[in-house]
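# Notes for the structure review
Each chain, written out:
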Amino acid sequence: MPAMPIHSLPPAHRPLADALALGPALLERARSAAAPWLAASLVEGPAVVLGAAQRAGRVVDLAACAARGAPVLRRSTTGTAAFLGGRGVVWTLALPHVAALAPDATARTLLNRNVRGFLRGFARAGAPAHYFGREWISLQHRPAALLGVDAAPDGAVLIEVLAGHDAPLAIPAELAAPDERAVDRWLGKAPAALAEVLPARRSLEELAGVVIEAVAVRAGLPLTDGGRAPELAVERFQPIASPDDPVPPGAGPAVVARVPIGWIEAAALGGPAPPRAWIGGDVLTARWLLEALGQGAAPARLDAELDAEASPLEGASLADLRALAQRALSAERAPEA
């Protein structure tokens, strides 16, 4: 049987909203074709790209971003925020299941296994690359690329890798909210722009293509032309105006907690019983898992010994997320006591 190919779209210049909308579109293609899809989008800032579950006002000062001319957008993958100060690149990798590229990958080793092709690509482009876990890739021993992840209940997976060419991906202090400034996201290291760690002769376009090829080589799979780019639903990837986005309207006050990746937060939701909570923050996981935990009665497969295979989960534990949801619900009920 011939090897399953990776369908690819060549590197292309795209508006940032289009690059972010490409994720869900390629995830649907990966699911329907039962094959991986990979693309690279060359984008322009300045802009802040939030993780799917990050409350905007906890991460950035929206007024300061507006004054800087840096819109705040949200991607469909969870994780932490990236700043694009000028030119940048977004790689989009959609898999029909967690082991599509790495046969030994599981939900909890998803990033560890699938980041290896990206590391090889950066190294081929001239920047030795390392991954020490969680949300960023180090180039020349400096944080330089950010990871985002989402997974569907049927097992399909989306991974995004974001990097800035002209400016480091850390949110500038003058644009960051107090909670964001309180976290050392880079373990004491100074984040780097790609231009600082790659050979001067290497263009962003070349880098994007080299990484795509390296992902396929690392997986031992052929690349095939994916043809025309999919139609994109860009409406949900427009600039954010509310500091409470994406918390549903009518939610109770947010409660927050520190975890290894930074912050998680929760808020009680109004409506008929049973009690429900919105759960969000910096954690790298599947959005469906956050929604299930917020219902208070997670599927049985999330419990006990099976929880390690239910969903990607980096930077916080199921116990952390459940405890915070309970705090939010308790805070909502407290005035009635």
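Preceding this paragraph is the structure being described.
A brief look at the structure comes next. Residue indices follow the written sequence of each chain, beginning from 1 at its first position. Given that the model is predicted, a residue must reach a pLDDT of at least 70 before its local features are reported, and side-chain atom pairs must reach 80 or more before they are shown or counted; all residues, however, enter totals for whole chains, interfaces and linings. Note that water and hydrogens are dropped before the side-chain values are worked out from all heavy atoms of the structure.

## Quick look at the sheet that holds strand β5 (residues 82–84)
The three strands are arranged β4-β3-β5 in an open sheet whose pairing can be described as mixed. Two strands in the sheet have a free side with no partner beyond their single neighbour: β4 (72–74) and β5. On average, each strand axis in the sheet is inclined to that of its neighbour by 25°, with strand direction left out of account. In what follows, residue pairs with any heavy atoms lying within 4.5 Å of each other are defined as contacts. Angular values range over 0 to 180 degrees, each being the angle between N-to-C directions of two axes fitted as lines to C-alpha atoms, with helices fitted over their stretch in contact. By definition, any uninterrupted DSSP run of H or I lasting at least four residues is a helix, any uninterrupted run of E lasting at least two residues is a strand, and each is numbered from the N terminus. Its contacts with the sheet place helix α1 (residues 16–33) against β3 (47–50), β4 and β5, and it is angled at close to 15° to β4. A strand pair is defined by DSSP finding two or more bridges across the two strands.

## Focus on the side chain of Arg202
Inspection of the secondary structure assignment puts Arg202 in the loop between α7 (194–197) and α8 (204–219). No salt bridge is formed by the buried Arg202, whose closest oppositely charged neighbour, Glu206, lies at an N-O distance of 4.0 Å. Within the structure, the side chain of Arg202 is placed 3.4 Å from the backbone oxygen of Ala125, a separation counted as a polar contact. Sequence-distant contacts of Arg202, that is, excluding residues within four places in its chain, are made with Arg124, Ala125, Leu207 and Val210. Each residue gets one of three labels from its accessible area relative to the maximum for its type: buried under 20%, exposed over 50%, partly exposed in between, using a 1.4 Å probe on protein chains only. Here Asp and Glu are counted as negative and Lys and Arg as positive; His is not counted, and neither are the chain ends. Here a salt bridge means any side-chain nitrogen of Lys or Arg lying within 4 Å of a carboxyl oxygen belonging to Asp or Glu. Counting of polar contacts relies on pairs of N or O atoms within 3.5 Å, with two restrictions inside protein: one atom must be capable of donating a hydrogen and the other of accepting it, and residues adjacent in sequence are counted only when both atoms are side-chain atoms.

## Regarding the sheet that holds strand β2 (residues 37–44)
The eight strands lie next to each other as β7-β8-β9-β10-β6-β2-β1-β11, forming an open sheet whose pairing is mixed. Each edge of the sheet is formed by a strand with only one pairing partner; in this case those strands are β7 (129–131) and β11 (223–225). Across the sheet, the mean angle separating the axes of adjacent strands is 25° when strand polarity is ignored. Bridge analysis of strand β1 (residues 6–13) against β11 gives three bridges, and the strand direction is parallel. What sits directly across from Ile6, in β11, is Leu223.

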